[in-house]
Amino acid sequence: CFLPLASRPSNAHPPLIPAAQFGIFALQDTLEQPPALVAFAGAILAIASFEARSFKSWEVPEGTPGSEASTYFKMKTDIVPGATLPAGPWTQDKLSPEEFLSKQTAELNNGRLAMIAIALIVLQEVTSKLPAAEFDVDTLNFIGSVFATPGDLFGL
């Protein structure tokens, strides 16, 4: 499916992911294909149905938004955020309050680290003009050698 255009039979389908493009643009091109649109719509509906379960966890919005007494964007007091489907060895009923707080903090920090990592991958693609999959140790060594010799930028 990923053969070059000249070596593919004329009746072959075009590849879903174009070669040598930024990851974000390749994803966009992929999502514009009819099979991917159906899959994307299905994924959005599945996520929406799961998220809709949390509607009952929020207070009814009353008062002036931003005021101390307002209930806009406030969860009910008996709700534990992120505990939609509590299961496994690290649930609140199986750990002491200190251990549970420690696990919650570790999970928050892991999520924050993942968000920073994704932001850095996108930044790397935009600044280096290379897809993340092609950015390897050789590329880093080349960039390092360019900046290691200040008077000799690309041999000029």
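Structure shown above.
Just so it is clear, the model here is predicted, and its values are computed rather than measured.

1. Considering the overall build of the protein chain
Each helix and strand counted, the protein chain has four helices and zero strands in total. Listed N to C, the secondary structure of the protein chain is α-α-α-α in terms of helices and strands. Relative to its 156 residues, the protein chain shows a buried fraction of 10%. Taking as baseline every contact in the protein chain between residues at least 6 positions apart, the subset at least 24 positions apart corresponds to 18%. For the protein chain, the accessible area works out to roughly 12,600 Å², and carbon and sulfur atoms hold 69% of it.

2. Remarks on the environment of Thr127
You can see Thr127 is positioned in helix H3 (residues 97-128). Of the residues examined, Thr127 reaches a relative accessible area of 57% and is grouped as exposed. Separated by 3.4 Å, the side chain of Thr127 and the backbone oxygen of Gln124 make a polar contact.

3. Describing H3
For H3, built from 32 residues, the straight-helix expectation of 46 Å at 1.5 Å per residue is met to within 8% by its first-to-last C-alpha distance of 46 Å. Inspection of H3 places Phe100, Gln124 and Glu125 among the buried residues, and these make up the whole buried set. After H3 finishes, the residue Lys129 shows a positive phi value of roughly 60 degrees.

4. A short note on a nonpolar patch on the surface
Residues Trp58, Tyr72, Phe73 and Met75 make up a contiguous nonpolar surface patch of about 440 Å² in total accessible area. By the secondary structure assignment, Phe73 is in the loop between helix H2 (34-52) and H3.

5. Things to note about the side chain of Thr91
The topology assignment puts Thr91 in the loop between H2 and H3. Classification of Thr91 as buried rests on a relative accessible area of 9%. Side chain to side chain, Thr91 and Asp93 meet in a polar contact 2.5 Å long. Once residues within four sequence positions are removed from consideration, Thr91 is found in contact with Pro86 and Phe100.

6. Examining the side chain of Ser70
Note that Ser70 resides in the loop between H2 and H3. Setting aside residues no more than four positions away along its own chain, Ser70 makes contact with Glu62, Thr64 and Pro65.

7. Examining the layout of surface pockets
As a volume, the largest pocket reaches approximately 520 Å³. The wall of the largest pocket is formed by 19 residues, among which Gly82, Trp90, Phe100, Gln104 and Glu107 lie closest to the centre. In the lining of the largest pocket, the residues fall into eleven nonpolar, six polar and two charged. By volume, the second largest pocket amounts to about 300 Å³. The wall of the second largest pocket is formed by 14 residues, among which Ser54, Ser57, Gly82, Ala83 and Thr84 lie closest to the centre. Residue composition of the lining of the second largest pocket, by class: seven nonpolar, four polar and three charged.

Definitions and cut-offs
- Residues numbered from 1 in each chain as written.
- Predicted model: local features only at pLDDT ≥ 70, side-chain atom pairs only at ≥ 80, totals over all residues.
- Heavy atoms only, no water.
- Helix = DSSP H or I, 4+ residues; strand = E, 2+ residues; numbered from the N terminus.
- Buried < 20%, exposed > 50% of the residue type's maximum accessible area, 1.4 Å probe, protein only.
- Contact = heavy atoms within 4.5 Å.
- Areas by Shrake-Rupley, 256 points an atom, 1.4 Å probe, with all protein chains shown as cover.
- Polar contact = N/O pair within 3.5 Å; in protein donor to acceptor, adjacent residues only side chain to side chain.
- Expected span 1.5 Å × (residues − 1).
- Patch = residues over 30% accessible without salt bridge, like charges linked within 9 Å, V, L, I, M, F, W, Y side chains within 5 Å.
- Salt bridge = Lys/Arg side-chain N within 4 Å of Asp/Glu carboxyl O.
- 1 Å grid on protein atoms, 1.4 Å probe; cavity = no way out; pocket = protein on both sides within 12 Å on 5 of 7 lines; lining within 4 Å.
- Points joined across faces, edges and corners; volume = space filled by probe spheres on them.
- Nonpolar A, V, L, I, M, F, W, Y, C, P; charged D, E, K, R; others polar.

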